[in-house]
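Close look at the chain arrangement
These are the residues of each chain, in order.
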Amino acid sequence: MLLFKKQQKDTDFHITPKLLFSNPNKHSDKKEYKPMEFVSTLGKLSISTVMNPRQVLDCSLNNLQPIITSHQKGDVDPGRKKYSVLSTIERMYDYLLELEDLERMLLIVPAEERGKIMDAKNEVAERMFSCFCIADSGSINEELLVHVLSTSKGKNMLARCVTQLRSEHSRAILYHLLGNMATIIAHDKKHEQLPQLCEPLGSVVHSGTINMMQVWMKSLVDGLSYYGDLELSLASVLANKLGLSLINDIIQRADHLCAMNANNFEVQAEWIKVLQQIYPHCLPLLVSLPKTEGLVMLGEALSRNRKLLRIPGSD
């Protein structure tokens, strides 16, 4: 018995070893692995191995280019578009902080050094405005402006920076904002942060000429007419604090400038021609919409122009 156990023990050392893992080269002749599509795969099983891993995320940003600031044909990935918009806002915030630092320096430096600081400030403001523009033409990219004003950070940034820009740049932003007012208001229903733009944009309006009032009002009317039903689009603007405030500011500024140039009938005729496009649509809305201070001011401003507008029954 002891001899048998000894012989069994000796034979245990001569057991042929076996591989626990298969040889990778052995399976090299198999067909190439095809990764599974993500669309409509919820609840389905998928198999991946060490030699054929399935790519879950594409983290490569090497080929990421600005999407909004260039005219690219075809559909753009919404994720990349959002990344591009947020990157633009962050870049503009950097310029804004730099502008505010230069503004504070103007208050403490001697008078002979203020010229250099003003030059630096104008240069930063120019770079900031260029973030809104199309690289090739230099004109404002309306799509980018709408996307920026669709975010909370974008509205906060524009409220702080619009008065820091050159007057012609601020007026250009206001022109395109009015042309896309209905879309911008529709995107603000969740946050309702557009009212913070009333004061800075109002200051832009009150620095404009009568010709600018005509251009701005026409831009608003043309933008609202694009959707077909002008009265319905106008109702959404009058129900919004920013939209109503800008309309009141433009009409009041135009009335003031017309009064200063009472003998210039040509200027008054051009303004009245623009106002006639919006006046008939405002009348029923002044009755149907809930009474607010802004609507009362608008009604009073339109009443002052009834005779000039030659509306039946205005005499």
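As shown above, the structure is provided for reference.
First things first, this report covers the structure right here in the doc. Quick caveat, the model's predicted, so the values are computed rather than measured. (Residues numbered from 1 in each chain as written. Predicted model: local features only at pLDDT ≥ 70, side-chain atom pairs only at ≥ 80, totals over all residues. Heavy atoms only, no water.)

Right, let's get into the packing of helix 8 (residues 198-205) against helix 11 (residues 241-260). Put simply, helix 8 and helix 11 touch, their axes get as near as 10 Å, and they point 20° apart. Considering the angle they form, helix 8 stands roughly parallel to helix 11. Relative to helix 11, the crossing made by helix 8 is right-handed. On helix 11, the residues that touch Cys198, Leu201, Gly202 and Val205 of helix 8 are Lys241, Leu242, Ser245, Leu246, Asp249, Ile250 and Arg253. (Axes fitted to C-alpha atoms, helices over the stretch in contact; angles between N-to-C directions. Helix = DSSP H or I, 4+ residues; strand = E, 2+ residues; numbered from the N terminus. Parallel < 35°, antiparallel > 145°, perpendicular 65-115°, else oblique. Left-handed = near helix turned anticlockwise from the far one by under 90°. Contact = heavy atoms within 4.5 Å.)

This brings us to the packing of helix 6 (residues 167-179) against helix 8. Running from N to C, helix 6 and helix 8 point in directions that differ by 110°, and their axes come no closer than 10 Å. It follows from the interaxial angle that helix 6 and helix 8 lie roughly perpendicular. Where helix 6 crosses over helix 8, the handedness of that crossing is left-handed. For the pair formed by helix 6 and helix 8, the contact residues are Ser170, Arg171, Leu174 and Leu177 on the first element and Leu201, Val204 and Val205 on the second. Across the contact of helix 6 with helix 8, the residue classes tally to five nonpolar, one polar and one charged. (Nonpolar A, V, L, I, M, F, W, Y, C, P; charged D, E, K, R; others polar.)

Looking now at the side chain of Ser233. Within the element layout of this structure, Ser233 appears in helix 10 (residues 230-238). Residue contacts for Ser233: discarding those within four places in its chain leaves Leu224 and Tyr227.

A few words on the environment of Val124. Here Val124 is to be found in helix 3 (residues 114-130). Apart from the residues within four sequence positions on either side, Val124 is in contact with Tyr95, Glu98, Leu99 and Leu102.

Another aspect to go through is helix 3. Between its terminal C-alpha atoms helix 3 stretches 24 Å, which fits the 24 Å expected from 17 residues at 1.5 Å a residue. Those residues of helix 3 that sit buried are Ile117, Lys121, Val124, Ala125, Met128 and Phe129. The buried residues of helix 3 occupy an angular sector of 135° when the element is viewed end-on, so they sit on one face. Along helix 3, the residues that are exposed and aim more than 90 degrees away from the buried face are Lys116 and Asp119. (Expected span 1.5 Å × (residues − 1). Buried < 20%, exposed > 50% of the residue type's maximum accessible area, 1.4 Å probe, protein only. Arc of directions from axis to C-beta.)

The bond known as a disulfide is covalent and runs between the sulfur atoms of two cysteines. Applying the stated criterion to the full structure yields zero disulfides. Here Cys133 is not cross-linked by a disulfide; its sulfur's nearest cysteine counterpart is in Cys131, at 8.7 Å. Judged by relative accessible area, which is 8%, Cys133 ranks as buried. (Disulfide = S-S within 2.5 Å.)

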